[in-house]
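Descriptive structure summary
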Amino acid sequence: MYLSRFLSIHALWVTVSSVMQPYPLVWGHYDVCKTQIYTEEGKVWDYMACQPESTDMTKYLKVKLDPPDITCGDPPETFCAMGNPYMCNNECDASTPELAHPPELMFDFEGRHPSTFWQSATWKEYPKPLQVNITLSWSKTIELTDNIVITFESGRPDQMILEKSLDYGRTWQPYQYYATDCLDAFHMDPKSVRDLSQHTVLEIICTEEYSTGYTTNSKIIHFEIKDRFAFFAGPRLRNMASLYGQLDTTKKLRDFFTVTDLRIRLLRPAVGEIFVDELHLARYFYAISDIKVRGR
């Protein structure tokens, strides 16, 4: 009985081995998975890089602000509405939950009323720059799978840099520059991801697309992961095997989409004009209601 069972298992293994023989058990640093698909020849096996499920990575991060006391509310202060510099009756008070805007509100579930958001102190110490570093750390390596999306409740900053680290924050490299005037702010010509190609996908660009200040329908800043994927997988990302093949054979490309930490450097708040209005400095601040980072 045991021998017959052994022979049955052995026969099954030989069959599986013969099917899998043209394909490695691992595809570079990915395992190989297979699924059945229908073609003109009928049902066949399709082999691909085996990927963990993409998930919301903000559930696992730690956030750090620099300077650490930049969050508004301690001491309490009033600030002005972005659309009306004379309406300055909004209050931030860290000791009152309804009026507090701590950093964790950048990552809470949306849909509560009123909307929840982190907010910095206002620019009352002008001409000292109002600059903030927001560092997101995972203590592990993650591969980004979707656009990084930052939603502002204030105006989108006039100048900002998104940076990444691959060594847990010991060194940093720019991911993308954002400015109302790229040439003036960073001595770079403005570009968008649409100006790139498969050969220039690793180019670090400065974009003016997301730095138009405050309007009701313009609160979001993107770092376009999917648009870069499309150079390899097609505009609708249908050829993911081609993308994984490129990631597997080109270390620089794989490293580009891999991070251990992200840093958002807010360098200049939304001003809306060339000169800062020194009489109404309470209208200048940063406020972020949501940050989305998906990966595996």
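This one's a predicted model, so the numbers in the text were calculated from it and none came from an experiment. (Residues numbered from 1 in each chain as written. Predicted model: local features only at pLDDT ≥ 70, side-chain atom pairs only at ≥ 80, totals over all residues. Heavy atoms only, no water.)

1. Quick look at the overall build of the chain
When helices and strands are counted, the chain shows five helices and 17 strands. Every one of the 296 residues in the chain was classed for burial, and the buried ones make up 43%. Contacts in the chain between residues far apart in sequence, at least 24 positions, make up 69% of those at least 6 positions apart. Carbon together with sulfur atoms contributes 55% to the accessible area of the chain, which is approximately 16700 Å² in total. (Helix = DSSP H or I, 4+ residues; strand = E, 2+ residues; numbered from the N terminus. Buried < 20%, exposed > 50% of the residue type's maximum accessible area, 1.4 Å probe, protein only. Contact = heavy atoms within 4.5 Å. Areas by Shrake-Rupley, 256 points an atom, 1.4 Å probe, with all protein chains shown as cover.)

2. Concerning the packing of aromatic side chains
Taken as a whole, this structure holds nine aromatic pairs when the rule is applied. On the numbers, 4.8 Å between centres and 50 degrees between planes, the contact of tyrosine 177 with phenylalanine 186 is tilted. The exposure class assigned to phenylalanine 186 is buried, which follows from its relative accessible area of 15%. Arranged with centres 6.3 Å apart and planes meeting at 55 degrees, the rings of tyrosine 178 and tyrosine 210 form a pair that is tilted. In this pair, tyrosine 178 sits in strand β12 (residues 173–179) while tyrosine 210 sits in the loop between β13 (206–207) and β14 (220–223), placing the two residues 32 residues apart along the sequence. (Phe/Tyr/Trp six-rings, centres within 6.5 Å; stacked < 30°, edge-to-face > 60°.)

3. With respect to the packing of helix α3 (residues 225–233) against helix α4 (residues 240–249)
Closest axis-to-axis distance for the α3/α4 pair is 8 Å, and the angle between their directions is 100 degrees. Classed by the angle they form, the pair α3 and α4 counts as roughly perpendicular. Two secondary-structure elements touch here, α3 through Phe229, Phe232 and Ala233 and α4 through Met240, Ser242, Leu243 and Gln246. Per-class residue counts for the contact of α3 with α4 are five nonpolar, two polar and no charged. (Axes fitted to C-alpha atoms, helices over the stretch in contact; angles between N-to-C directions. Parallel < 35°, antiparallel > 145°, perpendicular 65-115°, else oblique. Nonpolar A, V, L, I, M, F, W, Y, C, P; charged D, E, K, R; others polar.)

4. Overview of the confidence of the model for the chain
Confidence along the chain averages 83 in pLDDT terms, with 80% of residues attaining 70 or more. Within the model, the stretch residues 1–28 combines pLDDT values under 50 with 18 contacts to residues more than four positions away or in other chains. (pLDDT = per-residue confidence, 0-100.)

5. Describing the state of the cysteines
With the rule as written, the count across this model stands at three disulfides. Here cysteine 72 pairs with cysteine 92 through a disulfide, and the sulfurs are 2.0 Å apart. When the S-S torsion is 75 degrees, as for the bridge of cysteine 72 with cysteine 92, the disulfide is right-handed. Pair noted here: cysteine 72 is in the loop between β5 (62–66) and β6 (77–79) and cysteine 92 is in strand β7 (residues 90–92), with a separation of 20 residues, a long-range link. Each of the two residues, cysteine 72 as well as cysteine 92, counts as buried. (Disulfide = S-S within 2.5 Å.)

6. Focus on the nonpolar core
Ranked by size, the top nonpolar core spans 48 residues in total, and within it Trp118, Ile134, Trp138, Leu266, Ile288 and Ile291 carry the most contacts. Among the elements that line this core, the one with the most residues is strand β9 (residues 132–143), at five residues. Membership of the second largest hydrophobic core comes to eight residues, among which are Ile161, Ala179, Cys182 and Leu267. (Core = buried A, V, L, I, M, F, W, Y, C linked by side-chain atoms within 4.5 Å.)

7. Notes on the environment of glutamate 208
As for its placement among the helices and strands, glutamate 208 is situated in the loop between β13 and β14. Along the chain, glutamate 208 and aspartate 181 lie 27 residues apart, while their C-alpha atoms are 6.6 Å from each other. Excluding its chain neighbours within four sequence positions, the residues that come into contact with glutamate 208 are Ala179, Thr180, Asp181, Cys182 and Pro190. Within the structure, glutamate 208 has its side chain in polar contact with the backbone nitrogen of cysteine 182 (distance 3.0 Å). (Polar contact = N/O pair within 3.5 Å; in protein donor to acceptor, adjacent residues only side chain to side chain.)

8. Observations regarding the sheet that holds strand β16 (residues 287–292)
With antiparallel pairing, four strands are arranged side by side in an open sheet as β8-β16-β10-β14. On the outer flanks of this sheet lie β8 (118–119) and β14, each paired with one strand and no other. Relative to β14, strand β10 (residues 148–152) runs antiparallel, the two sharing four bridges. Residue pairing for β14: isoleucine 150 is matched across the bridge by isoleucine 221. (Pairing = 2+ DSSP bridges.)

9. Some thoughts on the pattern of salt bridges
Tallying each qualifying case throughout the model produces 13 salt bridges. When the shortest N-O distance is used, the salt bridge between arginine 194 and glutamate 209 registers 3.6 Å. With arginine 194 in the loop between α2 (182–186) and β13 and glutamate 209 in the loop between β13 and β14, this pair connects stretches of sequence that are 15 residues apart. When its relative accessible area of 33% is taken as the criterion, glutamate 209 is described as partly exposed. Here lysine 292 ties to aspartate 290 by a salt bridge, and the two come within 2.5 Å at their closest N and O atoms. (Salt bridge = Lys/Arg side-chain N within 4 Å of Asp/Glu carboxyl O.)

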